[in-house]
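Here's the letter readout for the chains.
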Amino acid sequence: MRNPAVRLGILIVLGLVAIVLYASLFTVRETQQAVVLRFGAVRNVITEPGLYLKAPFIDTVLPIEKRVLSLDIPPQTVLSADRQNLEVDAFSRYRIVDPLRFYQTVNNLQNANARLQSFVNSAMRNVLANASFPEIIRTNRVELMARIQEIVDRQAEQLGIEVLDVRLTRVDLPPANSEAVFRRMQTERQREAADLRAQGAQRAAAITARADRDVVVILAEANRTAEELRGAGDAERNRILAASFSADPEFFAFYRSMTAYERALTRTDLADSRIVISPNNEFFRFFGSAQGRPNGEGMPNGGQQPPAPGPITGIEPTQPAPAAVTEAPAAPALPVGTPEATASVDGEVPAAIAPAPVVAQ
């Protein structure tokens, strides 16, 4: 009987010891710090991680965050120095550096966040009220945020909190003001674009006028040069022709007549005309005599020339031309070797050749 009772008593004692020991031990993690309270009074402040003892069922351990915490500030309207209403959105980062003061002033994170939010709002209003809209947006934004962070950190020191950073995430005008500013900016950009277009049109007109003037000058110089070259070429041609004519006038007259025959009597796709002319015309003088003597002088048949070649038949040389044929008056025959009979070699008929009557087809 005694042995079972003793064993039971030992087990009960061991259980009570385990319960008391469990209630007496607590752990502080690396990311935490703790305040030990006894009936609401602070007994100990623990900032290092580890395993610690407390009075069981009497002491209470209040864990406090040791990590960097973030506080998001709701957007609020701030009036700048140039009387502009601005919508400002910000956030803050802080850390609890004095657990005892933190517990004595705000007790928990909810109260700490509320106090910090009021500090940040007040600092932003005071600092941004002395800055203009361009300074807040562009030029002095970093300096303004540093000033706000300094003010909030000084105020949060009494809470046992260190404010590490305060950032303005968004600074913008209210929707109504944004529309007005946008329209004004759009008008200014349109005016600048119109000025640029006008300047471009002016420069384009100046460039076009200068180019047109250069074209006129270049064409005039080119025409002058071409006329000079053409005159020099004509002079050289006349000199060559004069030298050739003086060397052998009879051969030159013969050559010119042969060239005229070739060009006048050759039928091509572009030239399909017919010539009706008297066989005794000066144009055919080399047909009867190699020396080009008129009326068949020196010909073995006594000056009788063959009938003139051509597509018109049944018309005697002495008969008048039909009504459909218009005959131009014959030009007087020119002596062989005269300058009029030796025209330029560019293809025209010599002056000794009479205009040919043309048959209307």
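Residues numbered from 1 in each chain as written. Predicted model: local features only at pLDDT ≥ 70, side-chain atom pairs only at ≥ 80, totals over all residues. Heavy atoms only, no water.

(A) Focus on the pairing of strand β7 (residues 85-96). As defined by bridge partners, strand β6 (residues 69-79) adjoins β7 across nine bridges and the pair is classed as antiparallel. Within β7, the residue paired with Ser70 across the bridge is Arg93. Between β6 and the antiparallel strand that follows it, β7, lie five residues; Arg83 among them carries a positive phi value of about 65°. Relative to strand β8 (residues 161-172), β7 runs antiparallel, the two being bridged by 10 bridges. Bridge pairing in β8 places Ala90 opposite Leu168. (Pairing = 2+ DSSP bridges. Helix = DSSP H or I, 4+ residues; strand = E, 2+ residues; numbered from the N terminus.)

(B) Broad picture of the pattern of salt bridges. Overall, the coordinates contain 10 salt bridges when judged by the stated rule. A salt bridge links Arg189 to Glu188; the shortest N-O distance between them is 3.8 Å. For Arg189, a relative accessible area of 46% gives the class partly exposed. You can call Glu188 partly exposed: its relative accessible area is 33%. (Salt bridge = Lys/Arg side-chain N within 4 Å of Asp/Glu carboxyl O. Buried < 20%, exposed > 50% of the residue type's maximum accessible area, 1.4 Å probe, protein only.)

(C) Representation of the sheet that holds β6 within the structure. Spatially, three strands are ordered β6-β7-β8 in an open sheet, and the strand pairing comes out antiparallel. Each having just a single partner strand, β6 and β8 make up the two edges of the open sheet. Taken pair by pair, the neighbouring strands of this sheet meet at an average axis angle of 20°, ignoring direction. Taken strand by strand, helix α3 (residues 109-128) contacts β6, β7 and β8, and its axis lies near 35° from that of β6. (Axes fitted to C-alpha atoms, helices over the stretch in contact; angles between N-to-C directions. Contact = heavy atoms within 4.5 Å.)

(D) Seen up close, the environment of Ile73. Mapped onto the elements of the fold, Ile73 is located in strand β6. Assessed through its relative accessible area of 1%, Ile73 is described here as buried. As for Ile73 and Ala90, which are separated by 17 residues in sequence, their C-alpha atoms are 5.3 Å apart. Non-local contacts of Ile73, meaning those with residues more than four positions away in its chain, are made with Asp89, Ala90, Phe91, Gln117, Val120, Asn121 and Met124.

(E) Main features of the nonpolar core. Counting 38 residues, the largest nonpolar core has Val88, Leu116, Met124, Val152, Ile161 and Leu168 as its most contacted members. Residue assignment for this core shows that the elements contributing at least two residues are β2 (32-38), β6, β7, α2 (99-105), α3, α5 (141-156) and β8. For this core, the element with the most residues is α3, which contributes eight residues. Beyond its immediate stretch of four places on either side in the chain, Leu168 contacts Val88, Asp89, Ala90, Met124, Leu128, Arg141 and Met145. (Core = buried A, V, L, I, M, F, W, Y, C linked by side-chain atoms within 4.5 Å.)

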